[in-house]
Amino acid sequence: MARPTVPPTGRERTWPDNKIIVSKTDKKGIITYANKVFCDVALYNESELVGQNHNIIRHPDMPRCVFKLLWDTIEAGNEIFAYVVNQAKNGDHYWVLAHVTPTFDDNMNIIGYHSSRRVPRREPIELLKTVYADLLAIEKSHESPKQGMLAAEAKLMEILNAKGMEYDEFILSL
Ligand SMILES: Cc1cc2nc3c(=O)[nH]c(=O)nc-3n(C[C@H](O)[C@H](O)[C@H](O)COP(=O)(O)O)c2cc1C
């Protein structure tokens, strides 16, 4: 099903520091489990989330290259930490620090993915708003979405190289 097209309201939602938003997906990113905190923050019922693509909560401010990095990492069997701004059903947004991991069967085949999200600190968000806006602008400056994403990905790598850090190292240093 296509993502809902409710326009962003610009209003931010918050949730308690001691709660964790959890979801599980199959190998294609279709939601198979959403905990109550997820439902409460994103303003969906569990039945509206389970069976849907995880992009149901995608916010238009998120650069595509961040999701490419996420998928490249988890499909290779690795974990990733990422700051993500998500969109609730009513168009409000909420920032999360996500930890996404593959789930393996007994033969070490990936059978799905798991994400736990905590309330992030404020300072990294302010920095990342600028970084994400720059990446998004690069993506939009290309006619081809794929070329735009690759150019933005190259820019992200340039930022990391300048810091002499791997992506996870950078994220966890914020
Ligand atoms: C376990 C897991 C959790 C995810 N969590 C989110 C999330 O919180 N927000 C989001 O926008 N995308 C999330 N994604 C990525 C989406 O699958 C998708 O790649 C992203 O929303 C971009 O969608 P698009 O390709 O339609 O632009 C998650 C994927 C997985 C596997």
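Computed from a predicted structure; not experimentally measured.

**A word on the overall build of the protein**
1) Next: The helix and strand tally for the protein stands at 6 helices and 5 strands.
2) Next: Mapped in sequence order, the helices and strands of the protein form the string β-β-α-α-α-β-β-β-α-α-α.
3) Next: Along the first, second and third principal axes, the C-alpha set of the protein runs to 45 × 40 × 35 Å.
4) Next: With 174 residues in all, the protein has 41% of them scored as buried.
5) Next: Here the contacts in the protein between residues at least 6 apart in sequence split such that 55% fall between residues at least 24 apart.
6) Next: Surface accessibility of the protein: about 9,400 Å² in total, with carbon and sulfur atoms responsible for 52%.

**Remarks on the packing of aromatic side chains**
1) Next: As enumerated under the stated definition, the model contains 3 aromatic pairs in all.
2) Next: Relative to Tyr94, the ring of Trp15 lies with its centre 6.3 Å away and its plane at 90 degrees, an arrangement referred to as edge-to-face. Here Tyr94 lies in strand β4 (residues 93-104) and Trp15 lies in the segment before β1 (21-25), a separation of 79 residues in the sequence.
3) Next: Overall, Tyr94 belongs to the buried group, its relative accessible area being 1%.
4) Next: For the ring pair Trp71 and Tyr113, a centre distance of 5.5 Å and an interplane angle of 85 degrees mean the geometry is edge-to-face. One end of the pair, Trp71, is in helix α3 (residues 64-75); the other, Tyr113, is in strand β5 (residues 110-118), with 42 residues separating them in the sequence.
5) Next: Judged by relative accessible area, Tyr113 falls into the buried class, the value being 4%.
6) Next: Lying over the aromatic face of Phe38, Arg117 brings its terminal NZ or CZ to 5.5 Å of the ring centre.

Definitions and cut-offs
- Residues numbered from 1 in each chain as written.
- Predicted model: local features only at pLDDT ≥ 70, side-chain atom pairs only at ≥ 80, totals over all residues.
- Heavy atoms only, no water.
- Helix = DSSP H or I, 4+ residues; strand = E, 2+ residues; numbered from the N terminus.
- Buried < 20%, exposed > 50% of the residue type's maximum accessible area, 1.4 Å probe, protein only.
- Contact = heavy atoms within 4.5 Å.
- Areas by Shrake-Rupley, 256 points an atom, 1.4 Å probe, with all protein chains shown as cover.
- Phe/Tyr/Trp six-rings, centres within 6.5 Å; stacked < 30°, edge-to-face > 60°.
- Lys NZ or Arg CZ within 6 Å of the ring centre and 35° of its normal.

Coordinates in, geometry out; function isn't part of it.
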